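Results of the structural survey
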Amino acid sequence: MFLINSLFQSNTIGSYEFYNLFASNATLVRAPLLPSPTLSPHCYDSMFLNCYGLVKAPKILATTYSDHSCANMFSGCSALREVPELNVTTFSDHSCSYMFSDCITLKTFPILKANKLYSYCCEHMFDSCYLLERVGGLPAMELANNCYSYMFHKCYSICNNRL
């Protein structure tokens, strides 16, 4: 399933373009492909918010995330079992804030390959993912203030395992 047809000529999704697009759709089980290499501010913000039936998140091909581009994107997707590989190299301010918060069935997430992190980019990213027990890796070398603020807040299972 494709969200954008093959005639789409732009490499950039516009600001707020897919904001809340599928929010609270309890019947959505599989998400569409998200092919854009560049994300504008808020473009995928809250896109799948509270989609309780969503089991697998789509791969996001973009390498640069703009401000709030993926904030709350999968928040509340309580059936989501795995996080897609994130090929992002730069996280902008708040770009992934609360992205997977309240995804209570998540157990692992892959290495975040980003090398540059801006303020609050990953704040509360996995907040209240109670079953999250294995953390991939956080190899970034350029860290802004509060970039990982509360990233694993209420992820109680991590405390019971070695990182």
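Look up: the structure comes first, before these words.
Residues numbered from 1 in each chain as written. Predicted model: local features only at pLDDT ≥ 70, side-chain atom pairs only at ≥ 80, totals over all residues. Heavy atoms only, no water.

**Section: the side chain of His-42**
With respect to the secondary-structure elements, His-42 resides in the loop between strand 2 (38–39) and strand 3 (64–65). A polar contact of 2.8 Å, which involves the side chain of His-42, links it to the side chain of Asp-45. With sequence-adjacent residues up to four places away left out, His-42 is seen in contact with Tyr-16, Tyr-19, Asp-67, His-68 and Ser-69. (Helix = DSSP H or I, 4+ residues; strand = E, 2+ residues; numbered from the N terminus. Polar contact = N/O pair within 3.5 Å; in protein donor to acceptor, adjacent residues only side chain to side chain. Contact = heavy atoms within 4.5 Å.)

**Some words on the nonpolar core**
Grouped together as the largest cluster of nonpolar side chains are 47 residues, with contacts concentrated most on Tyr-44, Phe-48, Ile-60, Phe-74 and Phe-126. If we ignore the near neighbours within four places in the chain, the residues touching Phe-74 are Phe-48, Leu-54, Ala-57, Pro-58, Ile-60, Leu-80, Met-99, Phe-100, Ser-101 and Cys-103. (Core = buried A, V, L, I, M, F, W, Y, C linked by side-chain atoms within 4.5 Å. Buried < 20%, exposed > 50% of the residue type's maximum accessible area, 1.4 Å probe, protein only.)

**Focus on the side chain of Ser-69**
When you line up the elements, Ser-69 lands in the loop between strand 3 and strand 4 (90–91). In this structure Ser-69 comes out as buried when scored by relative accessible area, which is 0%. Looking at Ser-69, its side chain comes within polar contact range of the main-chain oxygen of Ser-66, at 2.9 Å. When residues no more than four places from it in sequence are discounted, the contact partners of Ser-69 are Leu-39, Ser-40, His-42, Cys-43, Tyr-44, Asp-45 and Ser-95.

**So, the pattern of salt bridges**
Across all of its chains, the model carries two salt bridges by this definition. Where Lys-113 meets Glu-85, a salt bridge forms, and the shortest distance between an N and an O atom there is 2.3 Å. With Lys-113 in the loop between strand 5 (108–109) and strand 6 (116–117) and Glu-85 in the loop between strand 3 and strand 4, the pair connects residues that are 28 residues apart, well separated along the chain. Put simply, Glu-142 and Lys-116 hold a salt bridge, and the shortest N to O gap is 3.8 Å. In this pair, Glu-142 is assigned in strand 8 (residues 142–143) and Lys-116 in strand 6, connecting sequence segments 26 residues apart. Look at Lys-116 and you get partly exposed, because its relative accessible area is 28%. (Salt bridge = Lys/Arg side-chain N within 4 Å of Asp/Glu carboxyl O.)

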